[in-house]
Amino acid sequence: MPHVRILPDRVANQIAAGEVIERPAAVVKELVENSLDAGATRVSIEFGQAGRSLIRVEDNGRGMSRDDALLSLERHATSKISEASDLDHLNSFGFRGEALPSIASVSRLSMWTRAEGEESGTEIVVAAGKLLHVREAGRAVGTSIEVAHLFEPVPARRKFLKSDGTESAHIVSCVRLYALACPAVSFTLIEDGRLVFRSPSCPSLPERVSEIFGGALAETLLSVESAEPGLRLSGLTGRPGSSRTSRHETVTFVNGRPVDSRTLTYALAEAYGESLPKGRYPAAFLFLECDPAAVDVNVHPAKREVRFRSEQAVRAFVLKGVAQALRDAQAAAGPPRPGPGSLAPQVPGGGQLRAPLSVGPPERAPYPQGPVPVKDAAEEAAPATPAGGPRWRFLALAHGCYALFETGAGIVILDRRAAHERIWFERLGAQFRAGSVPSQRLLLSVTLELDPVGSALLVDNAEFFRAHGFEIAEFGRNFFRLEAAPAWIEAGGEGEFVRDLLDALRDGRISARNPDLARDQLARLAASRAIRLPAAAGEAEMSAVLAELFSTRSPLTSPAGRPTFIEIGESELARRLQKS
Ligand code: ADP
Ligand code: MG
């Protein structure tokens, strides 16, 4: 009969670490939160090899006495709450007292700390949860904690880590969040000896955003400010028409704490309505303040999820506040222009198809005649309906994006976008494999201001960009000039595509280290982002599309796996229409 027994602390800590410390960025988060809770006005963070080899966080906070320092490494040791009811008026980031012991159980953790009013400081080293030594050590008031050999005691964890690029990106976005949340604190972030950003303590949010994310982004933002009894919303949000491919720049805080909240992100997307194209996200830095008792931050040990007592009320309030800011911007910009360019974030669409409110490239001719997209001579000479394409009779276009055909056995609805992506994916794939990427010099070079991570990525992947037809020159800190771009990009969309590509490199959707894979990934991104669907699509164009679609390797699906068409057979039609 097995006996029930209490787990040794070391084992309990390693298990807790599985929840709290899932990746290097989680270590950074916990250490930075502790520094902020200790009242630091300066926090510097340094990491090496995506945090695997080293994470060091140093602060000038109030520090710890020798006894407190030893205690802080014990499970459930916290100075921040003493009863569960304290959670209702929490004014610290931490409260569980499990971060330090958890981290120390899965790494080698060294701490140097000195409390205010103490003569000297303390050095403690713990490896895999075992105390190696405690000794006196001199240092200024404050604390530094260094974490090395992360996850070595738990090799299974290491296997779950993503590429270095992805893990670093998580660390960087984590530090950015806290730098935004605490404008009075100056942050320094160093990756592998290189400065990622330094944000002096600075009062205004726009300045802060511009230090951390780059001035170009800051310029596209509108200010949001609204209040109701018990609720206050402030911050910045993107102008309609400027959107991002990833959520990295959609950032929400509740009572100063960076959070993930579906309620907030839905409300935000709702406020933009149709002006936000599908699959894109607004840049937003929103701070919600509410009664701490009306929000539960204790949902998950490590996740940033929060729950509101009244999700509905918060959603309605945020929606109203952001929509108002968007309307104010519209009013300031003059009366709305009629037509698809008009700005109507709040007006329901009524099923009508509206072009996204982008300041994107001008409408171009459909690609069979388009001047910019590449076509090789063979393609040019291809007959409109070569053998191989199915014999479907084109009927009409519905909603601009569906092509209807009559087939021998029923009707087909072709999703033009999905078909278009499949065709371009294969065209570009072939081009990339052949190594012949025609590049086109831009008449007017495009200036790109990137945030520090984007700049570093661009510099690191310079060869990849060059090999794919981009010519980019650096001309100042975080400033670049795009002088030539691959011929297949729509005119006017070059800068946007470079940003999309950097986003994909940043979150690991494209890895330039494996050229074969990267070619494929790039072709997929290009097909879905950089090539506009031709506006006009008559019978000739649609049969050319069909023929080309059916000469690809997988005509039935888009590169992302969506069906390119659906067929409804005659028997199905008869059944649905209840014909006997
Ligand atoms: P929690 O933050 O939930 O209290 P932690 O394990 O993260 O738990 O930290 C335990 C305790 O150690 C904290 O409550 C705090 O008193 C102390 N501590 C940790 N880091 C620091 C620091 N950088 N400066 C001062 N005190 C710290
Ligand atoms: Mg903590």
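Residues numbered from 1 in each chain as written. Chains lettered and ligands numbered in written order. Predicted model: local features only at pLDDT ≥ 70, side-chain atom pairs only at ≥ 80, totals over all residues. Heavy atoms only, no water.

A. Quick look at helix α15 (residues 494-506). Across its 13 residues, α15 extends 18 Å between first and last C-alpha, which sits within 8% of the 18 Å expected from 1.5 Å per residue. Counting buried positions along α15 yields 11 of 13 residues, so the element is predominantly enclosed. Restricting attention to buried positions, one finds in α15 the residues Glu494, Gly495, Phe497, Val498, Asp500, Leu501, Leu502, Asp503, Ala504, Leu505 and Arg506. Next to the buried residues of α15 lie α6 (164-181), β21 (439-449), α13 (452-460), α14 (462-467), β23 (479-486) and α16 (515-529). (Helix = DSSP H or I, 4+ residues; strand = E, 2+ residues; numbered from the N terminus. Expected span 1.5 Å × (residues − 1). Buried < 20%, exposed > 50% of the residue type's maximum accessible area, 1.4 Å probe, protein only. Contact = heavy atoms within 4.5 Å.)

B. The arrangement of the sheet that holds strand β8 (residues 194-199) in detail. In space, the eight strands of this open sheet follow the order β5-β4-β3-β6-β2-β1-β7-β8, with mixed pairing throughout. A strand with exactly one partner marks an edge of an open sheet, and here the two such strands are β5 (130-137) and β8. This sheet shows a mean twist of 10° between the axes of neighbouring strands, independent of strand direction. Sheet topology note: the strand β2 (residues 54-59)/strand β6 (residues 142-148) ladder contains six bridges and is antiparallel. Bridged to Val57 within β6 is Ile145. Contacts between α6 and the sheet are confined to β1 (42-48), β7 (186-191) and β8, with β7 contributing the most and set at about 175° to the helix. Most of the contacts of helix α7 (residues 205-213) go to β8, to which it runs at about 180°, and overall it touches β7 and β8. (Pairing = 2+ DSSP bridges. Axes fitted to C-alpha atoms, helices over the stretch in contact; angles between N-to-C directions.)

C. Quick peek at the site of ligand 1. Taken together, 19 residues sit near ligand 1, with Asn34, Thr78, Ser79, Lys80 and Gly97 positioned nearest. For ligand 1, a nitrogen atom lies 2.9 Å from a polar atom in the side chain of Asp59. Within the contact set of ligand 1, an oxygen atom lies 2.7 Å away from a backbone nitrogen or oxygen of Gly97. (Near = heavy atom within 4 Å. Polar contact = N/O pair within 3.5 Å; in protein donor to acceptor, adjacent residues only side chain to side chain.)

D. A look at the sheet that holds strand β22 (residues 471-474). Here we have three strands laid out as an open sheet, ordered β21-β23-β22, and antiparallel in their pairing. For this open sheet the edge positions go to β21 and β22, each flanked by a neighbour on one side alone. Between one strand axis and the next, the sheet turns through 20° on average, direction left out of account. Relative to β23, β21 runs antiparallel, the two sharing seven bridges. Bridge pairing in β23 links Leu448 to Phe480.

E. Highlighting the side chain of Asn478. Position of Asn478 relative to the elements: it lies in the loop between β22 and β23. Judged by its relative accessible area of 14%, Asn478 falls in the buried class. A polar contact is formed between the side chain of Asn478 and the side chain of Ser455, at a distance of 2.8 Å. Discounting chain neighbours no more than four positions away, the residues touching Asn478 are Leu448, Glu449, Leu450, Asp451, Pro452 and Ser455.

F. Inspection of the packing of aromatic side chains at higher detail. Inspection of every chain in the model, using the stated rule, returns 14 aromatic pairs. With centroids separated by 5.1 Å and ring planes inclined at 55°, the aromatic side chains of Phe213 and Phe285 adopt a geometry described as tilted. Here Phe213, found in helix α7, pairs with Phe285, found in strand β15 (residues 284-290); they are 72 residues apart in sequence, far enough to count as distant. With 5.6 Å between their ring centres and 65° between their planes, Phe394 and Phe405 make a pair best called edge-to-face. With Phe394 in strand β18 (residues 393-398) and Phe405 in strand β19 (residues 402-407), this residue pair connects regions lying 11 residues apart in the sequence. Exposure remark for Phe394: the relative accessible area of 13% places this residue in the buried category. Classification of Phe405 by relative accessible area gives buried; the value is 1%. Among the aromatic side chains, those forming a connected cluster through ring pairs are Phe432, Phe464, Phe465, Phe470, Trp488 and Phe497. (Phe/Tyr/Trp six-rings, centres within 6.5 Å; stacked < 30°, edge-to-face > 60°.)

G. Region of the structure containing the packing of α13 against α15. Running from N to C, α13 and α15 cross one another at 90°; their axes reach a closest spacing of 10 Å. Taken together, the axes of α13 and α15 are roughly perpendicular relative to one another. Touching Val453, Gly454, Leu457 and Leu458 of α13 are Leu502, Leu505 and Arg506, all from α15. Its residues assigned to classes, the contact of α13 with α15 comprises five nonpolar, one polar and one charged. (Parallel < 35°, antiparallel > 145°, perpendicular 65-115°, else oblique. Nonpolar A, V, L, I, M, F, W, Y, C, P; charged D, E, K, R; others polar.)

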